[in-house]
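# Report on the structure
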Amino acid sequence: MPNWVRSLLALIVALTVLRVVEWGVAPSPPAELPSEPPPDLRSWDYIGCYDLEVDPWSFSRYVANSDSADRAVLTAPSRLMLLPDSLDEWGRAHGTRRAAPLSGDHDERLARSLRWFVRADTLWLVWAADATRVGVALFADGDSLIGQALSLRADSAQGTAAAGAWKINCFTLERDRALARPRR
């Protein structure tokens, strides 16, 4: 057998042995635990007052004029109350529930159109004025709600912002604290 064939066979055997050793020594990938889907939210658990924070909006770079969105309509109230009724000011029933702004530099038109509803694991706050529509999707995360806000306008201006909400006491306007010991 020629020397070059022996060298080639030795190289193939050496590479095979190295690959087998590497396969035997390398740690196996961790088994993925099946993640449970988040539980569905119950709308009656979320009636009450909340501190709401919506970060500054960032607009798509493909919009010709990102300032075209009405900034006043995009400003969410810093405090709001989620109400249990679904009637509007004329007594008509809706599939969504009313929400009332309590404080913050929000547009007054927001008071008429601010609504909320729960779908699966998401609490939605929605409002509209003129050609602007805003939706805030919030997910339960411990004692708070976190999520994303999206604004759309008829002239294609689309903005996004991070959002969060925390339950507060409607009388004192302070965040609810966990009880030190259970009530009896």
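The rules behind each value
- Residues numbered from 1 in each chain as written.
- Predicted model: local features only at pLDDT ≥ 70, side-chain atom pairs only at ≥ 80, totals over all residues.
- Heavy atoms only, no water.
- Helix = DSSP H or I, 4+ residues; strand = E, 2+ residues; numbered from the N terminus.
- Buried < 20%, exposed > 50% of the residue type's maximum accessible area, 1.4 Å probe, protein only.
- Contact = heavy atoms within 4.5 Å.
- Areas by Shrake-Rupley, 256 points an atom, 1.4 Å probe, with all protein chains shown as cover.
- Pairing = 2+ DSSP bridges.
- Core = buried A, V, L, I, M, F, W, Y, C linked by side-chain atoms within 4.5 Å.
- Patch = residues over 30% accessible without salt bridge, like charges linked within 9 Å, V, L, I, M, F, W, Y side chains within 5 Å.
- Salt bridge = Lys/Arg side-chain N within 4 Å of Asp/Glu carboxyl O.
- Phe/Tyr/Trp six-rings, centres within 6.5 Å; stacked < 30°, edge-to-face > 60°.
- Lys NZ or Arg CZ within 6 Å of the ring centre and 35° of its normal.
- pLDDT = per-residue confidence, 0-100.

## What to know about the overall build of the chain
Looking only at helices and strands, one finds three helices and nine strands in the chain. Its helices and strands taken in sequence order, the chain reads α-β-β-α-β-β-α-β-β-β-β-β from the N to the C terminus. Counting across all 184 residues of the chain, residues that qualify as buried make up 30%. Nonlocal contacts in the chain, meaning residues at least 24 apart in sequence, comprise 50% of its contacts between residues at least 6 apart. Accessible area for the chain stands at about 12,800 Å²; split by element, carbon and sulfur atoms hold 58% of it.

## Looking at the pairing of strand S5 (residues 115-119)
S5 sits mainly inside the fold: four of its five residues count as buried. Examined bridge by bridge, strand S4 (residues 97-103) and S5 share two bridges and lie antiparallel to one another. Paired with arginine 97 across the bridge in S5 is tryptophan 116. Note that S5 and strand S6 (residues 122-129) share five bridges and pair antiparallel. Its bridge partner being in S6, phenylalanine 117 is matched across the sheet by tryptophan 124. Following S5, the chain reverses through two residues before pairing antiparallel with S6; alanine 120 in that reversal takes a positive phi of roughly 55 degrees.

## Focus: the pairing of strand S1 (residues 48-54)
With five of seven residues buried, S1 is to be regarded as a mostly interior element. Sheet topology note: the S1/strand S3 (residues 79-82) ladder contains four bridges and is antiparallel. Within the sheet, the bridge partner assigned to cysteine 49 lies in S3 and is methionine 81. In this structure, S1 lies alongside strand S9 (residues 158-168), joined through six bridges in antiparallel fashion. Pairing of cysteine 49 across the sheet is with isoleucine 168, part of S9.

## Digging into the nonpolar core
If you look at the biggest cluster of nonpolar residues, it comprises 26 residues, and the most contacted ones within it are Tyr46, Leu82, Trp116, Leu123, Leu125 and Leu138. Breaking this core down by element, the ones donating at least two residues are S1, S3, S5, S6, strand S7 (132-141), strand S8 (144-153) and S9.

## So, a nonpolar patch on the surface
Together, Trp4, Leu8, Leu9, Leu11, Ile12, Leu15 and Leu18 line one region of the surface with nonpolar side chains, adding up to about 750 Å² of accessible area. Secondary-structure assignment places leucine 18 in helix H1 (residues 3-25).

## Some details on the packing of aromatic side chains
Tallied over the entire structure, the rule returns one aromatic pair. Between the aromatic rings of phenylalanine 117 and tryptophan 124, the centroid separation amounts to 6.2 Å while the plane-to-plane angle is 10 degrees, which identifies the pairing as stacked. Residue phenylalanine 117 is classed as buried on the basis of its relative accessible area, which comes to 16%. Here tryptophan 124 falls in the partly exposed class, since its relative accessible area comes to 30%. Above the face of the tryptophan 44 ring, arginine 97 is positioned so that its terminal group lies 5.0 Å from the ring centre. The ring of tryptophan 116 has arginine 97 lying over it, and the distance from NZ or CZ to the ring centre is 5.8 Å.

## Regarding the confidence of the model for the chain
Confidence in the prediction of the chain, expressed as mean pLDDT, is 80, and 82% of residues score 70 or more. Least confident of the elements in the chain is helix H2 (residues 71-74), whose mean pLDDT is 63; most confident is S1, at 93.

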